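Report on the structure
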Amino acid sequence: MEKKRISKIVAVIFLLLMVFIWIVPVLYTMISSFKSEADIQTNAFTILPINWVIGNYQDVLFGNTSAPVAKWFMNSLIISVSQTVLVLVIVSLAGYGYSRMKFKGRDAIFVFLMATMMFPAVVNLIPLYKIIDTLGWVNNYLAAIVPGAAGVFNIFLIRQFMQGIPKEFDESARVDGASDFQIFFKLILPLIRPVLTVVALFTFTASWNDFLWPSIVFNDVEKMPITPGLQLLQGMYALDVAHALTGALVAIVPTFILYLFTQKYFMESLSLSSGVKG
Amino acid sequence: MINAGVNKELKMSSGIEKHSGKNRINFSPYLYIGPHLILFAIFFLFPTLYGIYISFTNWDLIGDPEFVGFANYKEILFNQDSTFYDQLRTGLGNTFKFVLFTVPACIIVPLLLAAGLNTKPKGMKFFQALFYMPTLFSVSAVMIIFSMLYSVSFGPLNHYLNVETNWLATQPYAWITLVTVTVWWTIGANMIIYQAALNGISKDLYEAASMDGANSIQRFFRITLPSIRAQILYTVVITTIAQFNVYGQPLMLTKGGPTSSTTVLLMYIQENAFGSGISIAGIGAALAVILGLCIMVVSAIQFFFLRQRD
């Protein structure tokens, strides 16, 4: 018993130390965004601002035409929401196809798709840009929305989940005269809501946080999403702590809020995906 | 909109189905898997194959690629006077260093966190949520935050440690910074996976071992580690693949410096294909193929060794 208590105390001390390391960068960013630049210049290291200001937000969001953060933010919202909707439609249809329908070559195609997950994505970067260019999608939202829907991992997840739904459900619906599409839409879709939520959350955050690809397909400052945009912002505010950190904070607000409300889905999904693979 | 369209087509196709005999092909499955397969072919399969092909060409992204055999590979692998030869050595070397430094840290730190959380301390939910949170942030936002934290003159780190270390532009600090930031940013997923795994180990095993006189270190190596081997294997492979694709951290934090000591291969690939000046996409593609091969070979080796030790 004594030993158990000691190990628990050690664990708590270790965790508190780690909490400190994990929370300081976040608090530093939040607090700095409310300091005026003059404040930072003269009293650089007061923990709290001497005067709380919100001017940084106004400056960063609307005040700089070479780093139009508000515009970037809207671009990102449009891109991430559209990609999420597109992915949900595409993968739930495909998941249903591979899980519920009988056709020649079904399992062969599915195995092939899964095998391609081993291909390193870096190889297709350069030709993918050429395809986007040929389609006339450079500096177009579609360049950041559509290619992401070609992935296969989500189909694997959804199919896995659908396999857990007894086939008798479909059979009895079919006896009642339901068509394939009615079974898919009215029966299966409501049942796979949990896994669709997971796919939606991951697609949204991955899309919002994507960096390399959008920095290649967007060179027009007005059209850019916020994640590659921040690289420009960093150059602009290299010596301006308050504004640079305000920009970073604005960029993490959406995924942060999403996380606050949907935390349990993120946690569950990880054990879900590693469980089936491991 | 999209759903309505499919619905209509579907009704049509099932109509056809009814009239035709069993030997007719039923097209309706393809309405379900088709949309994805088309996107997959255009935006994944074709560009991947084409990426391999253009590594054998002198393509400039604009004209028609001209087949040049193994010239690109000879250039980057054997021509010691070539800048691309240096790029491969420096870039791939730094990428490997990054993988070597970060992967162990990205396994051990979350494992310790998960073990700590497994004692179920008060506030566990909050701890867990906090450690996972940075995973939700973009690389560029995190790098801005840390470039300010680590800044020589106005960074709070130097101020409170009372030192004047140039964290981002001198070695070994540049590497230390990159590794620290990467651990801070990415360990959330692995931690959750280990937590779930540790939760699944039966308490009886530990009690039996304690009765046999095993101390906590023996218990960790004899019971804990073997019980979560599958999850360790999974996370090692996934983490290694992720770290091979490192790009944003050195780009925004150290700018690849000091003197190219943290310039990773993906930065050279990006520069050759999409940088200012004439695109050297052929060379870029060859570098990408080599990086891709390294990723596949290393994952295969890890898989083999970690599976073997039974």
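Residues numbered from 1 in each chain as written. Chains lettered and ligands numbered in written order. Predicted model: local features only at pLDDT ≥ 70, side-chain atom pairs only at ≥ 80, totals over all residues. Heavy atoms only, no water.

When its secondary structure is counted, chain A shows 14 helices and zero strands. Starting at the N terminus, the α and β elements of chain A follow one another as α-α-α-α-α-α-α-α-α-α-α-α-α-α. The principal-axis extents of the C-alpha atoms in chain A amount to approximately 75 × 70 × 35 Å. The buried share among the 278 residues of chain A stands at 51%. Long-range pairs, those at least 24 residues apart, make up 73% of the contacts in chain A with a sequence separation of at least 6. (Helix = DSSP H or I, 4+ residues; strand = E, 2+ residues; numbered from the N terminus. Buried < 20%, exposed > 50% of the residue type's maximum accessible area, 1.4 Å probe, protein only. Contact = heavy atoms within 4.5 Å.)

A separate point is the packing of helix 4 (residues 69–100) of chain A against helix 11 (residues 193–209) of chain A. All names here are of chain A. Contact geometry of helix 4 with helix 11 gives a least axis separation of 9 Å together with a crossing angle of 145 degrees. In this structure, helix 4 meets helix 11 at a crossing whose hand is right-handed. The residues of helix 11 that touch helix 4, namely those facing F73, S76, L77, I79, S80, V81, Q83, T84, V87, L88, V91 and S92, are L196, V199, A200, T203, F204, S207 and W208. The class makeup of the residues in the contact of helix 4 with helix 11 is 12 nonpolar, seven polar and no charged. (Axes fitted to C-alpha atoms, helices over the stretch in contact; angles between N-to-C directions. Left-handed = near helix turned anticlockwise from the far one by under 90°. Nonpolar A, V, L, I, M, F, W, Y, C, P; charged D, E, K, R; others polar.)

Right, let's get into the packing of aromatic side chains. Any aromatic ring pair is given by two values, namely how distant the centres are and how the planes are angled relative to each other. Overall, the coordinates contain 40 aromatic pairs over all chains when judged by the stated rule. Consider the rings of F220(B) and F221(B), whose centres lie 5.3 Å apart with planes at 90 degrees: the pair is edge-to-face. Grouping aromatic residues by their ring pairs yields a cluster made of F46(B), Y50(B), Y53(B), F56(B), W59(B), F67(B), F70(B) and Y73(B). The ring centre of F110(A) lies 4.2 Å from the NZ or CZ of R159(A), which sits over that ring. Its guanidinium or amino end placed over the ring of Y265(A), K264(A) lies 4.7 Å from that ring's centre, counting from NZ or CZ. (Phe/Tyr/Trp six-rings, centres within 6.5 Å; stacked < 30°, edge-to-face > 60°. Lys NZ or Arg CZ within 6 Å of the ring centre and 35° of its normal.)

Right, let's get into the UniProt feature "transmembrane region" (unreviewed entry) in chain A. Residue and element names in this part refer to chain A. Annotation from UniProt places "transmembrane region" (unreviewed entry) at residues 9–31, 72–96, 108–129, 141–162, 183–204 and 241–261. For residues 9–31, the end-to-end C-alpha separation is 31 Å, with 100% helix and 0% strand making up the annotated structure. Regarding residues 108–129, the helix share stands at 64% and the strand share at 0%, and the terminal C-alpha atoms are separated by 30 Å. (UniProt positions renumbered as here; feature names shortened; annotations may be inferred.)

The domains assigned to chain B are domain 1 (2–54) and domain 2 (75–308). A separation of 40 Å is found between the C-alpha centroids of domain 1 of chain B and domain 2 of chain B. (Domains from an automatic or database assignment.)

Residue and element names in this part refer to chain A. In the contact formed by helix 4 and helix 10 (residues 180–191), the axes pass within 11 Å of each other and the chain directions differ by 105 degrees. Judged by the inter-axis angle, helix 4 sits roughly perpendicular to helix 10. When helix 4 is examined against helix 10, the residues S92, L93, Y96 and R100 are found in contact with a partner set consisting of D180, I183, F184, I188 and L189. Along the lines of polarity and charge, the residues of the contact of helix 4 with helix 10 split into six nonpolar, one polar and two charged. (Parallel < 35°, antiparallel > 145°, perpendicular 65-115°, else oblique.)

Moving on: the interface of chain B and chain A. Contacts between the two partners involve 94 residues from chain B, matched on the other side by 91 residues from chain A. Overall, the association of chain B and chain A removes approximately 8200 Å² of surface from exposure, summing both partners, and the carbon and sulfur fraction of that is 81%. Connecting chain B to chain A are zero salt bridges. The tally of links from chain B across to chain A stands at 16 residue pairs in polar contact (both at pLDDT 80 or more). Counting residues per element, the side of chain B that touches chain A draws most heavily on helix 2 (residues 28–54) of chain B, at 21 residues. Within the side of chain B that touches chain A, the residues separate by chemical class into 71 nonpolar, 21 polar and two charged. (Buried area = accessible area lost by both parts, 1.4 Å probe. Salt bridge = Lys/Arg side-chain N within 4 Å of Asp/Glu carboxyl O. Polar contact = N/O pair within 3.5 Å; in protein donor to acceptor, adjacent residues only side chain to side chain.)

Next up on the list: helix 4 of chain A. Between the first and last C-alpha of helix 4 of chain A there are 45 Å, a value that for 32 residues agrees with the 46 Å anticipated at 1.5 Å per step. For helix 4 of chain A, a buried count of 24 out of 32 residues is recorded, marking the element as mostly surrounded by other parts of the structure. (Expected span 1.5 Å × (residues − 1).)

With that settled, the discussion passes to unusual backbone geometry. Residues and elements named next belong to chain B. In the segment running from Q171 into P172, the intervening peptide bond is cis, with an omega of 0 degrees. With respect to the helices and strands, P172 occurs in the loop between helix 7 (156–161) and helix 8 (173–186). For the bond running from G257 to P258, omega is -5 degrees, close enough to zero to count as cis. Notably, L61 is not glycine yet its phi reads approximately 75 degrees, a positive angle. On the secondary structure map, L61 appears in the loop between helix 2 and helix 3 (71–78).

Moving on, we get to the UniProt feature "transmembrane region" (unreviewed entry) in chain B. Residue and element names in this part refer to chain B. The UniProt record annotates "transmembrane region" (unreviewed entry) at residues 30–53, 98–117, 129–152, 172–193, 232–253 and 273–306. Helix makes up 86% of residues 232–253 and strand 0%, whereas the separation of the span's terminal C-alpha atoms amounts to 30 Å. Segment residues 273–306 splits into 82% helix and 0% strand. End C-alpha atoms: 37 Å apart.

For S82(B), the position within the fold is in the loop between helix 3 and helix 4 (83–117). Here F84(B) takes part through its backbone nitrogen, which lies 3.0 Å from a polar atom of the side chain of S82(B).

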